[in-house]
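The lines below spell out each chain.
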Amino acid sequence: MWRETENSLYKRFEFNDFSEAFAFMTRVALLAEKQNHHPKWTNSWNTLEIWLSTHDAGDKVTERDRKLATAIDQIM
């Protein structure tokens, strides 16, 4: 579940291994690029953390972030 924290939508994902995490990151990158939205994220082996906020709106959560979060959940 996405949670709103510090002016961002945040979610942590865990996978079986690095390859699965990286494949998911690639799918997220393609979605984000289509929406011209570029999330902040970190990856460590099988864990991916994503923070979504809209920089053009003063680094806060907007409908644009919610739309990308929904799209990310749909490819999970």
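Scroll up to find the structure this text is about.
The rules we used
- Residues numbered from 1 in each chain as written.
- Predicted model: local features only at pLDDT ≥ 70, side-chain atom pairs only at ≥ 80, totals over all residues.
- Heavy atoms only, no water.
- Pairing = 2+ DSSP bridges.
- Helix = DSSP H or I, 4+ residues; strand = E, 2+ residues; numbered from the N terminus.
- Axes fitted to C-alpha atoms, helices over the stretch in contact; angles between N-to-C directions.
- Contact = heavy atoms within 4.5 Å.
- Salt bridge = Lys/Arg side-chain N within 4 Å of Asp/Glu carboxyl O.
- Buried < 20%, exposed > 50% of the residue type's maximum accessible area, 1.4 Å probe, protein only.

Q: I would appreciate a short explanation of the sheet that holds strand β2 (residues 8-14) in the present structure.
A: Strands pair in a sheet through their backbones, by hydrogen bonds, and they do so in one of two ways: parallel or antiparallel. The strand order across the open sheet built from four strands is β1-β2-β4-β3, with neighbouring strands paired in antiparallel fashion. Each edge of the open sheet carries a strand with a single partner, namely β1 (3-5) and β3 (40-44). Direction aside, neighbouring strands of the sheet carry axes that sit 25° apart on average. The sheet contact formed by β2 and strand β4 (residues 47-52) spans six bridges and is antiparallel. Residue pairing across strands places glutamate 14 opposite threonine 47, the latter belonging to β4. Against the sheet, helix α1 (residues 18-34) makes contact with β2, β3 and β4, and its axis sits at roughly 165° relative to β3, the strand it touches most.

Q: Please clarify how the pattern of salt bridges should be interpreted in this entry.
A: Side-chain pairs of opposite charge can arise where the charged atoms are in close proximity. On inspection of all chains with the given rule, the structure shows three salt bridges. Aspartate 73 is the salt-bridge partner of lysine 11, the closest N and O atoms lying 2.7 Å from each other. With lysine 11 in strand β2 and aspartate 73 in helix α2 (residues 63-75), this pair connects stretches of sequence that are 62 residues apart. For lysine 11, a relative accessible area of 14% corresponds to the buried category. With a relative accessible area of 32%, aspartate 73 lands in the partly exposed category. The salt bridge partner of glutamate 14 is arginine 12, with a shortest N-O separation of 2.4 Å. A residue is classified by how much of its surface remains accessible, and arginine 12, at 45% relative accessible area, is partly exposed.

Taken by themselves, the reported measurements are silent on function.
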